[in-house]
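# Architecture at a glance
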Amino acid sequence: MLFKLENLSHRYSDGTLALKEISLNFAKGDRIALLGTNGSGKTTLLNHLNGILKPTSGKIYFEDKPLEYDAKSLLSLRKRVGFVFQDPNDQLFASTVKQDVAFGPLNLGYAPDHVKKLVDDALKTVGMTEFTEKPPHFLSLGQKKRVALAGVLAMQPEVIIMDEPTANLDPRAISEILHLLLHLNTENGITLLLATHDVDMVPMFANKMVILDKGRVASEGTPKESFSNTELIRKVNLRSPRIAHLFEVLKKEDNLPIDELLPLTISEARKEILELLNSGINSMPEGDKRKTAYTR
Amino acid sequence: MAHSDIYAHIDRSAYTNLLAKNSPITKGFFALSALIISVSSQSIIVPIIIFTITTVLLLRFAKIKAHFYLDLLIYPTAMAALSCLFIALFFGYGQALTQINLPWFTWTIFKNGITMSVNTFFRVESALSCLYFLVLTTSITDIFITLRRFKVPRVVVELSLLIYRYIFVLLEISVKMNTAQKLRLGNSGLIKRMRSVALVAGNLFIRTLEQGERTFVAMNARGYDGNIRVLEDLPKPKKAAIFGIVLFDIILAIAIFLTTNIGVV
């Protein structure tokens, strides 16, 4: 196991118990989506994984070794586990894009020539090469987010943690960043862990989904399994992806014979619809026919 | 132009002007030596030469827009003109230019007062042009790296770097808060406007603290250990350029000696 959390609890100094007895496992190469309402503990949980926060009780294992919090262990952990913050303005502190991306690798003690190469590669990966010499305040939010990601990529991490990677971005920027992340996962084998509210994005991206509710793990599984449990989704004040919701309505209200596991993406929905059409409405019980949109 | 626009524009031109890629050491050496020479000049000739040269460099070679340069010059020039007017009217000794008899005292305007005033005015203008030359052609990153190379204490350079970066973040926040207040009529009337400004100021202070905290965490997450390291890959100063500037400075220094105590009236 890459990460193993055992009964992890965290209490902030103001007394709020933000995480309660969390036990989770993440494997190498996973693409994990962490869902939950505001204040459910997502960010707190993420902050534990590269040592920003220390658990009040419980244990965190990274590759079967418990996390240690001395400067040297933290540096080696942070080299391997990169963290991209929600607001890129928090992260981009240097006066040019290049200097900001170089910050991490320079802290790892690499030689300037090697750092330059890492910076160039990282900026190329995120498609920001032409902005190398620009100061961050010249960039749009989407561009800043990509530079923030480059700053982490330049440290060549094995795991990338992102807090709300798609928040406040326009549709094009969202799709670009998702493709970029998928590419990093499939080509470079980087394990991804994203906290998000964007339920429509999750099925396109994640192979594993964890729902947090009031500091506890409410569910754990593939997006298909978790989103098909519509009762639970409502209980934790989330919603299903629009497409899943549509099929849930078709199934419940119109009694269409739809699989237990709801389709979540456009391609899954397309397949399901074609199957329904091919199998023919005739296979449905007589009484239900009149209720469906298919009967004229 | 609004003030925040001017700052942003100065910053933008420092990154985009055509001399941006030249060595900051060369540019800094030129600007500072010319500055020292022009303030030690005793006539208007050397300052006028320096002003002309820096202005030509800025407009012709760095391709700074002339109207923007004028915008920048106009406020300090107005202030200098006002101060120099007072110098002309109330300073000086020796030979009088004119005397005005007022009922309670005799007001004398001295010849060397006028000379001093005119000299000061041109020195100010040429010093301004030197500083603008540095500011408009050299990005703050280059200046920081150069300062570090010249062994300016780390803490000074690092603090300036962070302050510089977050000025723009906080400027943006304050502009947004101000707009939000205007939209809810927070600017109608003097009292309300003062209250609004006070609220923005107070809020910005808290925001600054929070921002500082978050940035510190984010820096830690990338292995910050108390030292901000930067990638030093500045263009090396060209020997010929440095030599040229030294020669230029020597000629100007000789010119200062030759033109000392040339009066204007």
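Just so you know, these numbers come straight off a predicted model, no measurement behind them.

What counts, and where the lines are drawn
Residues numbered from 1 in each chain as written. Chains lettered and ligands numbered in written order. Predicted model: local features only at pLDDT ≥ 70, side-chain atom pairs only at ≥ 80, totals over all residues. Heavy atoms only, no water. Helix = DSSP H or I, 4+ residues; strand = E, 2+ residues; numbered from the N terminus. Buried < 20%, exposed > 50% of the residue type's maximum accessible area, 1.4 Å probe, protein only. Contact = heavy atoms within 4.5 Å. Areas by Shrake-Rupley, 256 points an atom, 1.4 Å probe, with all protein chains shown as cover. Lys, Arg positive; Asp, Glu negative; His and termini not counted. Charge placed at Lys NZ, Arg CZ, Asp CG, Glu CD. Domains from an automatic or database assignment. Buried area = accessible area lost by both parts, 1.4 Å probe. Salt bridge = Lys/Arg side-chain N within 4 Å of Asp/Glu carboxyl O. Polar contact = N/O pair within 3.5 Å; in protein donor to acceptor, adjacent residues only side chain to side chain. Nonpolar A, V, L, I, M, F, W, Y, C, P; charged D, E, K, R; others polar. Pairing = 2+ DSSP bridges. Core = buried A, V, L, I, M, F, W, Y, C linked by side-chain atoms within 4.5 Å. Disulfide = S-S within 2.5 Å. Patch = residues over 30% accessible without salt bridge, like charges linked within 9 Å, V, L, I, M, F, W, Y side chains within 5 Å. Axes fitted to C-alpha atoms, helices over the stretch in contact; angles between N-to-C directions. Left-handed = near helix turned anticlockwise from the far one by under 90°. Phe/Tyr/Trp six-rings, centres within 6.5 Å; stacked < 30°, edge-to-face > 60°. Lys NZ or Arg CZ within 6 Å of the ring centre and 35° of its normal.

Now for the overall build of chain A. Counting its secondary structure elements, chain A contains 13 helices and ten strands. The buried share among the 296 residues of chain A stands at 55%. Relative to all contacts within chain A whose residues are 6 or more apart in sequence, the contacts with residues 24 or more apart total 63%. Carbon and sulfur atoms make up 50% of the accessible area of chain A, which totals about 13,500 Å². Across chain A, 38 positive and 38 negative side-chain charges occur, with their mean positions spaced 1 Å apart.

With that settled, the discussion passes to the domain arrangement of chain A. Residues and elements named next belong to chain A. Once the domains are mapped, chain A shows domain 1 (3–224) and domain 2 (242–289). Domain 1 puts five residues into the contact, and the matching count from domain 2 is seven residues. In this assembly, domain 1 packs against domain 2 so that about 490 Å² is buried in total across both faces, 63% of it on carbon and sulfur atoms. Counting the surface domain 1 buries against domain 2, the share from its top three residues, Asp200, Pro203 and Lys224, is 88%. In this structure, Lys224 engages Glu268 in a salt bridge whose closest nitrogen and oxygen atoms are separated by 3.0 Å. Where domain 1 meets domain 2, there are three residue pairs in polar contact (both at pLDDT 80 or more). Secondary-structure elements contributing two or more residues to the side of domain 1 that touches domain 2 are helix H8 (202–205) and helix H9 (223–228). Split by residue class, the side of domain 1 that touches domain 2 holds three nonpolar, no polar and two charged.

Below, the discussion takes up the environment of A:Val147. Residues and elements named next belong to chain A. Checked against the element boundaries, Val147 lands in helix H6 (residues 141–153). The exposure class of Val147 is buried, given its relative accessible area of 1%. Separated by 68 residues in sequence, Val147 and Gly215 have C-alpha atoms that sit 31 Å apart. For Val147, the contacting residues outside a window of four places in its chain are Leu92, Val97, Val101, Met128 and Leu139.

On to the pairing of strand E1 (residues 3–11) of chain A, then. Residue and element names in this part refer to chain A. Examined bridge by bridge, E1 and strand E2 (residues 17–26) share six bridges and lie antiparallel to one another. Across the sheet, the residue bridging to His10 is Leu19, located in E2. If you look at the hairpin formed by E1 and E2, you'll find five residues sitting between the two strands, and Gly15 has a positive phi there, around 100°.

Once that is clear, we can look at the interface of chain A and chain B. Contact with chain A, which involves 33 residues of that partner, is made by 31 residues of chain B. For the pair chain A and chain B, the summed buried area comes to about 3,000 Å², and 59% of that belongs to carbon and sulfur atoms. Viewed at the interface, chain B and chain A are joined by two salt bridges. Between A:Asp90 and B:Arg214 there is a salt bridge, with the nearest N and O atoms lying 2.8 Å from each other. Applying the counting rule to chain A against chain B returns 17 residue pairs in polar contact (both at pLDDT 80 or more). Put simply, the parts of the chain that give the side of chain A that touches chain B at least two residues each are helix H2 (71–80), helix H3 (88–91), helix H4 (97–107) and helix H5 (112–125) of chain A.

The next thing to look at is the nonpolar core. Residue and element names in this part refer to chain A. Ranked by internal contacts, the top residues of the largest apolar core, which has 57 residues, are Leu35, Val101, Leu149 and Ile160. The dominant element in this core, judged by the number of residues it contributes, is helix H7 (residues 171–188), at seven residues. For this core, the domains that each give at least three residues are domain 1 (3–224) and domain 2 (242–289). Among the nonpolar cores identified, the runner-up in size contains 29 residues, and Leu5, Leu8, Ile32 and Val159 belong to it.

As a further point, take the state of the cysteines. Chemically, a disulfide is nothing more than a covalent bond linking the sulfur atoms of two cysteines. Residue and element names in this part refer to chain B. For the structure shown, the criterion picks out zero disulfides over all chains. Free cysteine: Cys84, not disulfide-bonded; nearest cysteine sulfur from Cys130 at 17 Å. We classify Cys84 as buried; its relative accessible area is 5%. The buried category is assigned to Cys130, whose relative accessible area is 0%.

All names here are of chain B. On the surface, a nonpolar cluster with roughly 620 Å² of combined accessible area is contributed by Leu82, Leu85, Phe86, Phe90, Phe91 and Met116. Of the residues forming the nonpolar patch, the biggest block, four residues, is contributed by helix H4 (residues 66–90). When its relative accessible area of 44% is taken as the criterion, Phe91 is described as partly exposed.

Attention now goes to the packing of helix H7 (residues 154–183) of chain B against helix H8 (residues 190–221) of chain B. All names here are of chain B. Look at H7 against H8: their axes get within 10 Å of each other, and the N-to-C directions meet at 140°. In this structure, H7 crosses over H8, and the sense of that crossing is right-handed. Taken together, the residues of H8 that come into contact with H7 (itself represented by Tyr166, Val169, Leu170, Ile173, Ser174, Met177, Asn178 and Gln181) are Ser196, Leu199, Val200, Asn203, Leu204, Arg207, Thr208, Gln211 and Thr215. Residue classes in the contact of H7 with H8 are distributed as eight nonpolar, eight polar and one charged.

To continue, consider the domain arrangement of chain B. Interfaces are frequently sized by the accessible area removed from exposure as the parts join. All names here are of chain B. Partitioning chain B into domains gives domain 1 (1–138 + 236–265) and domain 2 (153–234). Placing a centre on the C-alpha atoms of domain 1 and another on those of domain 2 gives a separation of 33 Å. Across the boundary between the two partners, domain 1 contributes six residues, which contact four residues of domain 2. Note on domain 1 versus domain 2: buried area summed over both sides is about 420 Å², and carbon and sulfur give 65% of it.

This part is about the packing of aromatic side chains. Applying the stated criterion across every chain yields a total of 15 aromatic pairs over all chains. Considering the side-chain rings of A:Phe103 and B:Tyr224, the 6.1 Å spacing of their centres and the 35° angle between planes classify their relative orientation as tilted. With one member in each of two chains, A:Phe103 in helix H4 and B:Tyr224 in the loop between H8 and helix H9 (239–259) form a pair that bridges those chains. Residue A:Phe103 shares its accessibility class with B:Tyr224, and that shared class is buried. An angle of 90° between the planes, with centres 5.7 Å apart, marks the rings of B:Phe121 and B:Phe122 as edge-to-face. On the accessibility criterion, B:Phe122 (27% relative accessible area) is partly exposed. Taken together, the aromatic side chains of A:Phe93, A:Phe103, B:Phe216 and B:Tyr224 make up a single cluster linked through ring pairs. Of note, B:Arg12 hangs over the ring of A:Phe138, and the distance from its end group to the ring centre comes to 4.1 Å. Lying across the ring of B:Tyr166, B:Arg165 places its NZ or CZ 5.6 Å from the centre.

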